[in-house]
Amino acid sequence: MTCRVFPSLRLITTGLILGTTLTAASLPVAGDAEHAQGERLFRAQCVGCHSLVPGEHLAGPSLHGLIGRPAGSISDFDYSPALEEANLVWNRETLDAFLSGPDDFLPGTRMVLWGLDERLRQRIIGYLESIAEP
């Protein structure tokens, strides 16, 4: 496209498109930012009681391999009877309900958490899903 009135407009437009493309390419992918936020929240809210290392239990069980795992199923961890008898599998929906209020969702659990707001829950759950093994 040639502009007779403003011949430099073509150069400016090309420069803007090129600059925008280069800037967008250098920005982190939204998924990377979400992952980083989820990891920070996990470290702030969860690592005091949970590890991500297989078999490394703290006050709570290791969360390694949590997604898709039946609740209360790690043989070398002493779960509350409520979790041992729970008939649920950890996925986005069950984790969301549990983290919004563990004792409301599963009365008798030993998890000490007064609930997380939805935004924090979704970021932590997204992080746990992102590190889940296929």
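Residues numbered from 1 in each chain as written. Predicted model: local features only at pLDDT ≥ 70, side-chain atom pairs only at ≥ 80, totals over all residues. Heavy atoms only, no water.

**Description of helix α4 (residues 92-100)**
Here's step 1: Listing the buried residues of α4 in full gives Thr94, Leu95, Asp96, Phe98 and Leu99.
Here's step 2: Buried residues along α4 sit in contact with α5 (102-105) and α6 (118-130). (Buried < 20%, exposed > 50% of the residue type's maximum accessible area, 1.4 Å probe, protein only. Helix = DSSP H or I, 4+ residues; strand = E, 2+ residues; numbered from the N terminus. Contact = heavy atoms within 4.5 Å.)

**Here's the deal with the packing of aromatic side chains**
Here's step 1: Overall, the coordinates contain 4 aromatic pairs when judged by the stated rule.
Here's step 2: Where Phe77 meets Tyr79, the ring centres are 4.9 Å apart and the plane angle is 70°; that geometry is what we call edge-to-face. This pair shows no difference in class: Phe77 is buried, exactly as Tyr79 is.
Here's step 3: Centre to centre, the rings of Phe98 and Phe105 are 6.3 Å apart; their planes meet at 80°, and the pair counts as edge-to-face.
Here's step 4: By relative accessible area, which is 31% here, Phe105 ends up partly exposed.
Here's step 5: Through successive ring pairs, a cluster of aromatic residues spans Trp90, Phe98 and Phe105. (Phe/Tyr/Trp six-rings, centres within 6.5 Å; stacked < 30°, edge-to-face > 60°.)

By themselves these figures say nothing about function.
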